[in-house]
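Overview (structure and organization)
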Amino acid sequence: MKFGIMLGFACNAHCEHCTTSSGPGNKTHLTDFEKSKIASFFNENAKQIHKVVFSGGEPFLYIDDINQILTSFTSISSDFQVEVITNAIFASSAEKCAKEFSRLKMVNSVIISYDEFHSPFCSQQNILTLVKYCKENNINVCASVTKGSYKAIEYVKLFSDLNVESQVTDFKYTGRGALLTKKYFNDAIQPNSDILDSKCPLINTVNYFPGKGFSFCCGHLMFNMEYNSPIKRFAFDSYADMISSHLYQELKNHNFSEILAKIKCPTTYTSVCDICQHFYEETM
Ligand code: SF4
Ligand code: SF4
């Protein structure tokens, strides 16, 4: 099982599409009480948790918290891995990379988020520096590119030229992105699309969000509900509450064709998360 830990909403960038609405002024972060909940959950499920993924905000602003959390894990599985998702702004030189990574108690892999939304805040030189540092220090590195426009291909090529695999994700109208009036070019899901045979891509993960709780969803149901709906966001005090919830059971046992058949679906969708949000609003 993958366990995602969002450290806080502080970030040294302010991307217009940010699904978590993070930024320099956002001070919400994990409290000590929440860190102890995370430790309890991890230690009770250590045999099943093979990877912890730290996200933000920008995780390199939270190195002390990462180390405190990792220190609180009393036992780890033999193949346990730590991954950090970063915007690479810290990686202004090889020396800065060496300094920041030496402060981390443990890290096996890095995901670099970089695309047309992140590039106003971070130079390509930082990307080259961070990739080089990771490769020279046996840290796995891959990239996450959000598809806002045709420009996405330029960023995929940048990483491809560096022999770094990139995962392209659709623009999501979630968080600050949900407030944008500009339309990005996600394709509408067709009624006969294979994607409707799939289930929630995150159903087998668990995340903890500061000030919110446990949830497998890090998309619409976590970060959209306050903007678009009077319905409470999909977050729980405990993992046990999460997996016994109605929505978890529905998404675990049904694909999106089956979910669509249960609701009066409006017009078009550009992601399964759109369908999921309609289902959640109609059935909660
Ligand atoms: S998308 Fe990432 S880098 Fe950009 S503001 Fe949000 S957390 Fe920060
Ligand atoms: S919105 Fe629904 S389908 Fe999308 S990640 Fe969240 S729970 Fe899964």
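First, a word on scope: everything that follows refers to the structure included in this document. The model shown is predicted, which means the values in this text are computed figures rather than measured ones.

About the thresholds
- Residues numbered from 1 in each chain as written.
- Chains lettered and ligands numbered in written order.
- Predicted model: local features only at pLDDT ≥ 70, side-chain atom pairs only at ≥ 80, totals over all residues.
- Near = placed C-beta within 6 Å.
- Nonpolar A, V, L, I, M, F, W, Y, C, P; charged D, E, K, R; others polar.
- Pairing = 2+ DSSP bridges.
- Helix = DSSP H or I, 4+ residues; strand = E, 2+ residues; numbered from the N terminus.
- Axes fitted to C-alpha atoms, helices over the stretch in contact; angles between N-to-C directions.
- Contact = placed C-beta atoms within 7 Å.
- Core = buried A, V, L, I, M, F, W, Y, C linked by C-beta atoms within 7 Å.
- Buried ≥ 20, exposed ≤ 12 C-beta atoms within 10 Å, placed from the backbone.
- Right-handed = clockwise from strand over helix to strand, strands pointing away.

**Notes on the site of ligand 1**
For ligand 1, the set of nearby residues contains 14 residues, the closest of which are Cys11, Cys15, Cys18, Ser22 and Asn87. Split into classes, the residues belonging to the shell around ligand 1 amount to four nonpolar, nine polar and one charged.

**Focus: the sheet that holds strand β3 (residues 81–86)**
Pairing is mixed in the open sheet, where eight strands are placed in the order β6-β5-β4-β3-β2-β1-β7-β8. The open sheet has two edge strands with one neighbour each: β6 (166–170) and β8 (213–215). Between one strand axis and the next, the sheet turns by 20° as a mean value, whatever way the strands run. Judged from the five bridges that link them, strand β1 (residues 2–6) and strand β2 (residues 51–55) form a sheet pairing that is parallel. Looking across to β2, one finds that phenylalanine 3 is bridged to valine 52. This element, helix α5 (residues 152–161), spans β5 (140–147) and β6 of the sheet and lies at about 170° to β5.

**Describing the nonpolar core**
Ile5, Ile112, Tyr114, Leu130 and Cys276 are the most contacted members of the largest nonpolar core, which totals 63 residues. Not counting residues up to four positions away in its chain, the partners in contact with cysteine 276 are Cys200, His220 and Leu221.

**Notes on the site of ligand 2**
Near ligand 2, the surroundings consist of Cys200, Leu202, Cys217, Gly219, His220, Leu221, Leu251, Val272, Cys273, Cys276 and Gln277. Those elements that place two or more of their residues in the shell around ligand 2 are α6 (220–223) and α11 (272–283). Of the residues contributing to the shell around ligand 2, the split by class is eight nonpolar, three polar and no charged.

**Topic: the pairing of β1**
Each regular strand displays side chains that alternate between the two surfaces of the sheet. Of all the five residues making up β1, four are buried; the element is thus mostly covered by neighbouring parts of the structure. Each parallel crossover has a hand, and the one from β1 via helix α1 (residues 32–44) to β2 is right-handed. Sheet topology places β1 next to strand β7 (residues 205–209); four bridges connect them, and they run parallel. Bridge pairing in β7 links isoleucine 5 to tyrosine 208.

**Some words on unusual backbone geometry**
The amide bond that connects glycine 56 to the next residue, glycine 57, takes the cis arrangement and shows omega of 20°. Along the polypeptide, glycine 57 turns up in the loop between β2 and α2 (63–71). The phi angle at asparagine 138 is positive, at roughly 55°, despite the residue not being glycine. Within the element layout of this structure, asparagine 138 appears in the loop between α4 (124–136) and β5. On the basis of neighbour counts, which here come to 7 C-beta atoms within 10 Å, the residue asparagine 138 falls in the exposed class.

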